[in-house]
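Residues per chain, in single letters:
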Amino acid sequence: MSIAAPEYAFATPFQTPPSAPIRSLMPYAMRPGTVSLAGGYPAQELFDIEGLTTASNQVLGRLGACLQYSNIDGQASLRHELARLSAARGLICDPDTELVVTGGSQQGMALLARVMLQPGDTAIIESPAFPNSVNALRYTGATVHTVPSGPDGIDVDALDELAARVKPKMVCVVASFSNPCGATISRARRLRLLELAIKHRFLIVEDDPYGELRFAGETVPPIAALAEGEARHWAVYISSMSKTMAPALRIGWLVAPPEVRRRCVGAKSADDMANSAWVQEVVAQYLANDRYAVHVPRIRAAYGARCDAMAQALERELAGRVIFKKPEGGMFFWARLSGEIDATRLLPYAIEHEVVYVPGKAFYPDPEQADLHAMRMSFATMDEERIALGIVRLGRALDACAANAPVSISLAA
């Protein structure tokens with residue numbers, strides 16, 4: 001005799017758990033022989049094993065001092081190294097009053113959302129956007145509005161109009177090589193965002209996991225680095241070591257005005273208490289050894305070559321059938337099928353032909369706004385030869401889909 005599950009009184013944001021369409025593709029992406037253009041993972045073969053081993057061994061020599069609870073805001077050694085790294089990006093900050101070590105940039109976003117938002121409040125995020133960032137805002141019970149984004153980033157005129165109507169407390173953007181669009185916001189548009197933050201009294205939050213992965217064009221400083229005077233009070237910067245060092249470290253950081261930072265520390269104390277002191281000391285030692293400055297150019301060059309390989313393969317194999325703008329950095333192409341076939345209809349054929357991508361609709365907070373022809377393709381984890389093979393396979397999948405050939409893969413709607 002089966003017993004019915006009880007009707008739990010879940011909090012409103014969790015009554016209908018969000019789906020994870022990207023995660024649902026991983027079993028297909030992990031199949032032997034498949035070319036995965038789906039994940040947003042860094043390339044495992046590019047991890048600096050030697051440099052991390054050296055740093056780890058140095059920390060092992062003083063391991064006893066690294067096994068206690070860390071300060072909630074992070075180990076002093078790491079906060080100072082991250083302040084030094086932020087300064088190299090143009091963002092000068094006080095490691096003791098403005099910087100907090102977080103569990104990746106995702107925790108930074110969640111902490112900011114928790115201290116700023118509650119039911120009845122509003123926030124704005126660009127669309128399309130990384131789903132986990134959207135969820136961090138929605139889980140507070142706040143109303144999340146969207147502003148269109150594209151090859152040049154968020155539409156600042158549309159943001160100005162919407163902010164005047166809905167009075168947001170936070171506006172969230174990925175200003176450099178956004179996920180999924182691969183877009184970079186220009187310096188002029190970043191300055192306009194700061195003007196709008198002052199005008200409408202909202203906190204502009206820049207999530208910057210990809211900024212150092214630029215392999216073409218000119219570097220643009222973080223938004224907070226451009227903030228002067230009153231604007232600095234309205235700018236927050238979040239970054240991560242996941243895409244440049246290794247995701248397993250779970251090390252990120254946020255730079256915020258002292259009163260915002262202080263409350264984020266309080267929120268973190270109720271969350272995970274602190275990041276591992278041991279891991280923090282390894283990252284701090286790695287940075288102090290200046291291995292990071294050697295490692296990042298190496299991965300930047302590798303990703304640049306892979307980006308070139310994808311652009312060339314798309315032009316060679318799918319000219320006229322797929323429209324795209326080549327990114328200047330990051331990990332992603334945001335492409336669009338130009339014919340009647342949409343990205344969701346094509347996906348089962350692609351999987352059957354052993355290539356996987358993510359349909360663009362997964363990145364739209366409002367499904368009604370989704371561009372069904374859009375698709376995100378990552379070039380980070382495959383070498384140039386595999387990327388070229390994946391695009392050839394994608395062309396074959398398009399042919400099979402256009403011919404309405406039988407397909408054995410069945411995906412949930």
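All of these numbers come straight from a predicted model, not from anything done at the bench. (Residues numbered from 1 in each chain as written. Predicted model: local features only at pLDDT ≥ 70, side-chain atom pairs only at ≥ 80, totals over all residues. Heavy atoms only, no water.)

### Here we look at the UniProt feature "domain: Aminotransferase class I/classII large" (unreviewed entry) in the protein chain
When the UniProt feature table is mapped onto this chain numbering, "domain: Aminotransferase class I/classII large" (unreviewed entry) sits at residues 53-388. Segment residues 53-388 splits into 41% helix and 17% strand. End C-alpha atoms: 34 Å apart. (UniProt positions renumbered as here; feature names shortened; annotations may be inferred. Helix = DSSP H or I, 4+ residues; strand = E, 2+ residues; numbered from the N terminus.)

### As for the pattern of salt bridges
Tallying each qualifying case throughout the model produces 29 salt bridges. One salt bridge in this structure joins Arg79 and Asp73, with 3.6 Å as the shortest N-O distance. Exposure remark for Arg79: the relative accessible area of 5% places this residue in the buried category. Asp73 gets classed as buried once you look at its relative accessible area, which sits at 13%. (Salt bridge = Lys/Arg side-chain N within 4 Å of Asp/Glu carboxyl O. Buried < 20%, exposed > 50% of the residue type's maximum accessible area, 1.4 Å probe, protein only.)

### Here's the deal with empty space enclosed by the protein
For the structure shown, the criterion picks out 1 cavity of 30 Å³ or more. Roughly 40 Å³ of volume is contained in the largest cavity. Lining the largest cavity, in full, are Pro42, Ala43, Leu46, Phe47, Lys243, Thr244, Met245, His295, Ile299 and Tyr303. Looking at side-chain class alone, the lining of the largest cavity contains 7 nonpolar, 2 polar and 1 charged residues. When residues of the lining of the largest cavity are sorted by domain, at least three fall in each of domain 1 (19-40 + 294-402) and domain 2 (49-289). (1 Å grid on protein atoms, 1.4 Å probe; cavity = no way out; pocket = protein on both sides within 12 Å on 5 of 7 lines; lining within 4 Å. Points joined across faces, edges and corners; volume = space filled by probe spheres on them. Nonpolar A, V, L, I, M, F, W, Y, C, P; charged D, E, K, R; others polar. Domains from an automatic or database assignment.)

### Thoughts on the domain arrangement of the protein chain
Its domain assignment divides the protein chain into domain 1 (19-40 + 294-402) and domain 2 (49-289). Of note, the centres of domain 1 and domain 2, computed from C-alpha atoms alone, are 27 Å apart. Listed as interface residues are 25 residues of domain 1 and, on the opposing side, 26 residues of domain 2. Across the domain 1 to domain 2 interface the summed buried area is about 2,200 Å²; carbon plus sulfur atoms make up 62%. Of all residues in domain 1, Arg300, Glu328 and Pro365 give up the largest surface area on contact with domain 2, accounting jointly for 28% of the area buried on that side. Applying the counting rule to domain 1 against domain 2 returns 2 salt bridges. Among the ionic pairs, Asp152 bridges to Lys325, the shortest N-O distance being 3.4 Å. (Contact = heavy atoms within 4.5 Å. Buried area = accessible area lost by both parts, 1.4 Å probe.)

### Digging into the sheet that holds strand E7 (residues 203-208)
Strand order in the open sheet formed by 8 strands is E2-E9-E8-E7-E6-E3-E4-E5, and the pairing between neighbours is mixed. The open sheet has two edge strands, strand E2 (99-102) and strand E5 (153-154), and neither has a second partner. Against the sheet, helix H4 (residues 76-88) contacts E2 and strand E9 (252-255), and its axis sits at roughly 110° relative to E2. Together, E5, E7 and strand E8 (235-240) form the strand contacts of helix H8 (residues 187-200), whose direction differs from that of E7 by roughly 145°. (Pairing = 2+ DSSP bridges. Axes fitted to C-alpha atoms, helices over the stretch in contact; angles between N-to-C directions.)

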